[in-house]
Amino acid sequence: MLREGKDGMSSQKKRDQLILHTALTAGRIMIENGSEIERVEDTMTRIAHNAGAQTSQLFVMITGILMAINGEVGAQIEPVKRRTFDLEKIAVVNDLSRQYADHKIDLQQFSNRLDHLDSVSRYFPFWLQLLAAALVSGPLEVVFRHNLPDFWITCVVGMLGWLVYYLLSKFIQIRFLSEFAAAAAIGVLAVLGVHMGLGNSVDDIIIGSVMPLVPGVPITNSVRDILAGNLVSGPARGVEALVSAAAIGFGIAMILQFM
Amino acid sequence: MTVVQFLVEVAGTYVATLAFGILINIPRRALNVGGWIGVLGYLLYRFTVLGGGGYVVGNLLGAVAIGVASLQAAKFKKMPMILFNIPAIVPLVPGGQAYQMVKNFALGQNDTAFNYLLQVVMISGAIAFGFLLSEVVNRVQRRVWRHRR
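Because the structure is predicted, anything quoted here is derived from the model rather than measured. (Residues numbered from 1 in each chain as written. Chains lettered and ligands numbered in written order. Predicted model: local features only at pLDDT ≥ 70, side-chain atom pairs only at ≥ 80, totals over all residues. Heavy atoms only, no water.)

Attention now moves to the overall build of chain B. A count of helical and extended segments in chain B gives six helices and zero strands. Secondary structure elements in chain B, listed N-terminal to C-terminal, are α-α-α-α-α-α. The C-alpha extent of chain B, read off along each of the three principal axes, is 60 × 30 × 30 Å. For chain B, with 149 residues in total, the buried portion stands at 52%. Summarising the internal contacts of chain B: among those between residues at least 6 apart in sequence, 66% fall at separations of at least 24. Per element, the accessible surface of chain B, about 6900 Å² overall, is 68% carbon and sulfur. (Helix = DSSP H or I, 4+ residues; strand = E, 2+ residues; numbered from the N terminus. Buried < 20%, exposed > 50% of the residue type's maximum accessible area, 1.4 Å probe, protein only. Contact = heavy atoms within 4.5 Å. Areas by Shrake-Rupley, 256 points an atom, 1.4 Å probe, with all protein chains shown as cover.)

Another aspect to go through is the confidence of the model for chain A. Averaged over every residue, the pLDDT of chain A is 89; the share at 70 or more is 97%. Taken as a whole, residues 1–5 of chain A scores under 50 in pLDDT and shows zero contacts with residues more than four places along the chain or in a different chain. (pLDDT = per-residue confidence, 0-100.)

At the junction of the two partners, chain A supplies 49 residues and chain B supplies 44 residues. Summed over both partners, the interface of chain A with chain B buries about 4100 Å², with 71% contributed by carbon and sulfur atoms. Applying the counting criterion to the chain A and chain B interface returns three salt bridges. Run the count over chain A and chain B and you get eight residue pairs in polar contact (both at pLDDT 80 or more). Contributing elements (two or more residues each) for the side of chain A that touches chain B: helix 2 (37–50), helix 3 (87–101), helix 5 (126–145), helix 8 (202–209), helix 9 (216–227) and helix 10 (233–258) of chain A. Looking at the side of chain A that touches chain B element by element, the count peaks at twelve residues for helix 5 of chain A. (Buried area = accessible area lost by both parts, 1.4 Å probe. Salt bridge = Lys/Arg side-chain N within 4 Å of Asp/Glu carboxyl O. Polar contact = N/O pair within 3.5 Å; in protein donor to acceptor, adjacent residues only side chain to side chain.)

Now for the UniProt feature "domain: Threonine/Serine exporter ThrE" (unreviewed entry) in chain B. In the UniProt entry, the feature "domain: Threonine/Serine exporter ThrE" (unreviewed entry) is given for residues 10–137 of chain B. For residues 10–137 of chain B, helix accounts for 84% and strand for 0%, while the C-alpha atoms at its two ends are 26 Å apart. (UniProt positions renumbered as here; feature names shortened; annotations may be inferred.)

Residue and element names in this part refer to chain A. Look at helix 5 against helix 6 (residues 151–171): their axes get within 7 Å of each other, and the N-to-C directions meet at 135°. One element, helix 5, and the other, helix 6, form an angle in the oblique class. In the packing of helix 5 onto helix 6, the handedness of the crossing is right-handed. Between helix 5, through Phe-126, Gln-129, Leu-130, Ala-133, Ala-134, Ser-137, Gly-138, Pro-139, Glu-141 and Val-142, and helix 6, the contact on the second element is made entirely by Phe-151, Thr-154, Cys-155, Gly-158, Met-159, Trp-162, Leu-163 and Tyr-166. (Axes fitted to C-alpha atoms, helices over the stretch in contact; angles between N-to-C directions. Parallel < 35°, antiparallel > 145°, perpendicular 65-115°, else oblique. Left-handed = near helix turned anticlockwise from the far one by under 90°.)

Inspection of every chain in the model, using the stated rule, returns 18 salt bridges over all chains. With a closest N to O distance of 3.9 Å, Arg-237 of chain A and Asp-225 of chain A form a salt bridge. You can see Arg-237 of chain A sitting in helix 10 and its partner Asp-225 of chain A sitting in helix 9, a full twelve residues away along the chain. Salt bridges here are not isolated pairs; linked through shared partners, they connect Glu-36, Glu-38, Arg-39 and Arg-224 of chain A together with Glu-135 and Arg-139 of chain B.

Together, Leu-227 of chain A together with Phe-129, Leu-132, Leu-133, Val-136, Val-140, Val-144 and Trp-145 of chain B make up a nonpolar patch on the protein surface, roughly 630 Å² of accessible area in all. Counting residues per element, the nonpolar patch draws most heavily on helix 6 (residues 110–148) of chain B, which supplies seven residues. On the secondary structure map, Val-144 of chain B appears in helix 6. (Patch = residues over 30% accessible without salt bridge, like charges linked within 9 Å, V, L, I, M, F, W, Y side chains within 5 Å.)

Walk down a regular strand and you will see the side chains alternate between the two sheet faces. Residue and element names in this part refer to chain A. Here four bridges tie strand 2 (residues 64–69) to strand 3 (residues 76–79), and the two strands are oriented antiparallel to one another. Bridge pairing links Ile-65 to Glu-78 in strand 3. Hairpin connection between strand 2 and strand 3: a loop of six residues separates the two successive antiparallel strands. (Pairing = 2+ DSSP bridges.)

Running from N to C, helix 10 of chain A and helix 5 (residues 95–106) of chain B cross one another at 45°; their axes reach a closest spacing of 9 Å. Taken together, the axes of helix 10 of chain A and helix 5 of chain B are oblique relative to one another. Between helix 10 of chain A and helix 5 of chain B the crossing geometry is right-handed. Each of Gly-249, Ile-252, Ala-253, Leu-256 and Gln-257 of chain A in helix 10 of chain A lies in contact with helix 5 of chain B, whose residues at this interface are Tyr-99, Val-102, Lys-103 and Ala-106 of chain B. Grouping the constituent residues of the contact of helix 10 of chain A with helix 5 of chain B by class yields six nonpolar, two polar and one charged. (Nonpolar A, V, L, I, M, F, W, Y, C, P; charged D, E, K, R; others polar.)

All right, on to the domain arrangement of chain A then. All names here are of chain A. What the domain assignment lists for chain A is domain 1 (2–119) and domain 2 (126–258). Centre-to-centre, using C-alpha coordinates, domain 1 lies 35 Å away from domain 2. Each partner contributes residues to the interface: domain 1 has twelve residues there, and domain 2 has 13 residues. Both faces considered, domain 1 and domain 2 share a buried interface measuring about 1100 Å² in area, 55% of it formed by carbon and sulfur atoms. For the domain 1 face of the interface with domain 2, the top three residues by lost area are Glu-36, Ile-62 and Phe-85, together amounting to 48%. Counting every contact that joins domain 1 to domain 2 gives two salt bridges. Residue Arg-224 pairs with Glu-36 through a salt bridge whose shortest N-O separation is 3.1 Å. Counting across the interface, domain 1 meets domain 2 through five residue pairs in polar contact (both at pLDDT 80 or more). For the side of domain 1 that touches domain 2, the secondary structure elements donating two or more residues are helix 2 and strand 1 (56–61). At three residues, helix 2 tops the list of elements feeding residues into the side of domain 1 that touches domain 2. Residue composition of the side of domain 1 that touches domain 2, grouped by class: six nonpolar, two polar and four charged. (Domains from an automatic or database assignment.)

Printed below as a string of structure tokens:
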């Protein structure tokens, strides 16, 4: 009898454990890859609700998540250690959450797919990313400065600058340092390009080439978080964007002063 | 602005928005719509400036348009809204002014630099405020929909 009771309790406990694990993993994946806090809260509450938890309490911050449901297990913490920009993962989590709400997958499948999603990252092929960096730089230089002759050199400099950023972020995981180095490389290449007669205006080339480095995700999320009332995470993202911008600015300023 | 110039700007904005989307790994399904939302926001900004509305109002209107259009796209495609508005604000980013600010500070011309700093702050504020206004529109719309149901 005692054993039966224990088994009954442990299956309920397992279920609660699974709910917490699924919701926390979903939340962590979303924050790690650049989601705003309100969406994370919304998704996690939905998962808990759809899984049958009567109430759920959440505390979501940019560096960690705390979640409790009124069941057999206590509150659990999930730290958020790294932050990158991979918006596809957010879309996938969103999609899985919708499928779970429509009862197309069960909780165990949901959890397994999240763990799988967490372990693999499916970026666009490397050559396409390089091409994309070139195609952010060149067209924006033309749109901003109307300097058509410098289009090609801006594409090349922007692509090389982004390559420096990409390689450095792979080997030293400090984003601000990679941004600084990439900006410095862009400055040097722009000055050299004009010296060699490949371009007319150092200013225009640099303006176009730094555009792939613009911290678009932190800027947008910071505004959205502050508006939603997340007065801790919003300004934290704002600082992230500001430090990125300052790193790029210092990189450029250093080159302009020396060359 | 001649017709050719106009077409070049539209094409440039579209390509740049789409390419930025690739850099932050936006799903393929969302790329095209995101590109057009970027064009919409940029054109609203551009025409406001050409019509004499000033760059602050232009950025404000552009940001409002991007915010509202992104929510419609998110509803239509059933995808998170940030997939559409993050690449779309890239053409509005005050890159030129920020660069001139850094350059003038580096060269010691602080008066000019402060001038540009003011512009950068005004434009960023206008974009943030534009997002706030679009959020108001979105919340009103959500409430109306809920009442209708």
